[in-house]
Amino acid sequence: MKDREVARFEGRAPKLANAPLEGRLVRDVRARGKHLLMDFEGGWILHSHLRMKGGWSMVRGGRWPRPKRAVDAVLVMDSGATIVGYDLAIAETLRDERRSPLLRSLGPDLLAADFDAAEAALRFRRVGSLPLGDAVMRQNLVAGIGNVYKSELLFLTGLHPLQRVDQTEDAALVALLERGRTLLKRNLRGGPRVTRKRHEGGRLWVYGRKGELCRVCGTPIELVRQGRDLRSTYFCPSCQPRLGEESSAQPVSEGDA
């Protein structure tokens, strides 16, 4: 897609209806946290956010990835390839991403080349009373961690989701962010998220597994809902004990995760 020309553009989302992208070259496709930015010739930017249902896919064999009523944008490239964006939570064009209040509010990007976990961890001190399961999802603190990674990272670092930020040592926050960066890099190729290297029987450690047995200690996985949107957080009460409690489980090593 990069360096290809848009032969035809159809913007079906309200903020894309008159987007002047037809005839322009795609200069770059990049992510900022969970936001996707397509840079076009002439300084135009197509900004989208997928949330849980959205996506960008190529039409193959005339088969669309979703019903056409769900499609927000269609790009037909000069190569003949057709790329569609569907169920996009955000779909708009920008002349300068710095003019977007939402993009300006984002914290350090976990996948940025210059990401500094220690510096990013300091931002968490601003929300000291928040539980970790809520704080790690705040994109103004650090950009890139979604609901699946939240549960998986807290499990891999042995942190209870209800533990408050101000009860958590700096070293533990840094370890959490560095582990998050590692997992996101591992999943850059797309497809289903994988957080286990040895994933016989499952790709994930705890997410979506309420009531099933922990893959490390055999304790049933539990679920709590957190944050303003009451997002689900899965955890193992044995591997992720509350402060003052002892864990009988061995932590998951980098070699296994």
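Before reading further, recall that the structure is shown in the block above.
Reading the values: the criteria
- Residues numbered from 1 in each chain as written.
- Predicted model: local features only at pLDDT ≥ 70, side-chain atom pairs only at ≥ 80, totals over all residues.
- Heavy atoms only, no water.
- Helix = DSSP H or I, 4+ residues; strand = E, 2+ residues; numbered from the N terminus.
- Buried < 20%, exposed > 50% of the residue type's maximum accessible area, 1.4 Å probe, protein only.
- Contact = heavy atoms within 4.5 Å.
- Areas by Shrake-Rupley, 256 points an atom, 1.4 Å probe, with all protein chains shown as cover.
- Lys, Arg positive; Asp, Glu negative; His and termini not counted.
- Charge placed at Lys NZ, Arg CZ, Asp CG, Glu CD.
- Pairing = 2+ DSSP bridges.
- Axes fitted to C-alpha atoms, helices over the stretch in contact; angles between N-to-C directions.
- Salt bridge = Lys/Arg side-chain N within 4 Å of Asp/Glu carboxyl O.
- Core = buried A, V, L, I, M, F, W, Y, C linked by side-chain atoms within 4.5 Å.
- Expected span 1.5 Å × (residues − 1).

(A) Representation of the overall build of the chain in the model. Of regular secondary structure, the chain possesses five helices and ten strands. If you line up the chain on its principal axes, its C-alpha atoms span 60 × 40 × 30 Å. When burial is assessed residue by residue, the chain has 47% of its 257 residues classed as buried. A separation threshold of at least 6 residues defines the contact pool for the chain, and within that pool the share at least 24 residues apart is 57%. Total accessible area on the chain stands at roughly 13400 Å², and carbon and sulfur atoms take up 46% of it. Across the chain, the centroid of the 44 positively charged side chains sits 5 Å from that of the 31 negatively charged ones.

(B) Focus on the sheet that holds strand E4 (residues 45–49). Read across the sheet, four strands follow the order E2-E3-E4-E8 without closing on themselves; strand pairing throughout is antiparallel. Whereas interior strands pair on both sides, the edge strands pair on one side only; in this sheet they are strand E2 (26–32) and strand E8 (90–94). For this sheet the average axis-to-axis angle between neighbouring strands, irrespective of direction, equals 15°.

(C) Examining the pattern of salt bridges more closely. Scanning all chains against the criterion turns up twelve salt bridges. Glutamate 97 is the partner of arginine 32 in a salt bridge, and the nearest nitrogen-oxygen pair spans 3.0 Å. Taken together, the residues arginine 32 in strand E2 and glutamate 97 in the loop between E8 and helix H1 (101–104) connect sequence positions 65 residues apart. Glutamate 97 sits in the buried class, given a relative accessible area of 16%. Between arginine 125 and aspartate 170 there is a salt bridge, and its shortest N-O distance comes to 2.5 Å. You can see arginine 125 sitting in the loop between helix H2 (117–123) and helix H3 (132–135) and its partner aspartate 170 sitting in helix H5 (residues 170–186), a full 45 residues away along the chain. Because the salt bridges share partners, they merge into one network encompassing Arg30, Arg32, Asp39 and Glu97.

(D) Summary view of the pairing of strand E9 (residues 222–226). Here E9 runs beside strand E10 (residues 231–235); their pairing, made up of five bridges, is antiparallel. Bridge pairing in E10 links leucine 223 to tyrosine 234. Where E9 hands over to E10, the hairpin turn is made up of four residues, of which glycine 227 adopts a positive phi near 80°.

(E) The arrangement of the sheet that holds strand E6 (residues 71–77) in detail. In spatial order, the strands read E1-E6-E7-E5; together these four strands make up an open sheet with antiparallel pairing. Of all strands in the sheet, those with a lone pairing partner are strand E1 (6–11) and strand E5 (55–58), marking the two edges. Neighbour to neighbour, the strand axes of the sheet diverge by 15° on average, direction disregarded.

(F) Spotlight on the environment of lysine 2. Along the polypeptide, lysine 2 turns up in the segment before E1. As for lysine 2 and valine 29, which are separated by 27 residues in sequence, their C-alpha atoms are 7.0 Å apart.

(G) The arrangement of the nonpolar core in detail. Leu110, Phe115, Phe124, Val142, Ile145, Phe155 and Leu177 are the most contacted members of the largest nonpolar core, which totals 34 residues. Going through the elements one at a time, H2, H3, helix H4 (147–156) and H5 are the ones with two or more residues in this core. Top element by residues in this core is H5. It accounts for six residues. Apart from residues lying up to four places away in sequence, phenylalanine 115 is in contact with Pro108, Asp109, Leu110, Ala120, Val142, Leu177 and Arg181. Grouped together as the second largest cluster of nonpolar side chains are 18 residues, Leu21, Trp44, Leu75 and Ile83 included.

(H) Representation of H5 within the structure. Compared with the 24 Å implied by 1.5 Å per residue over 17 residues, the 25 Å span of H5 between its first and last C-alpha is a close match. Next to the buried residues of H5 lie H2, H3 and H4.

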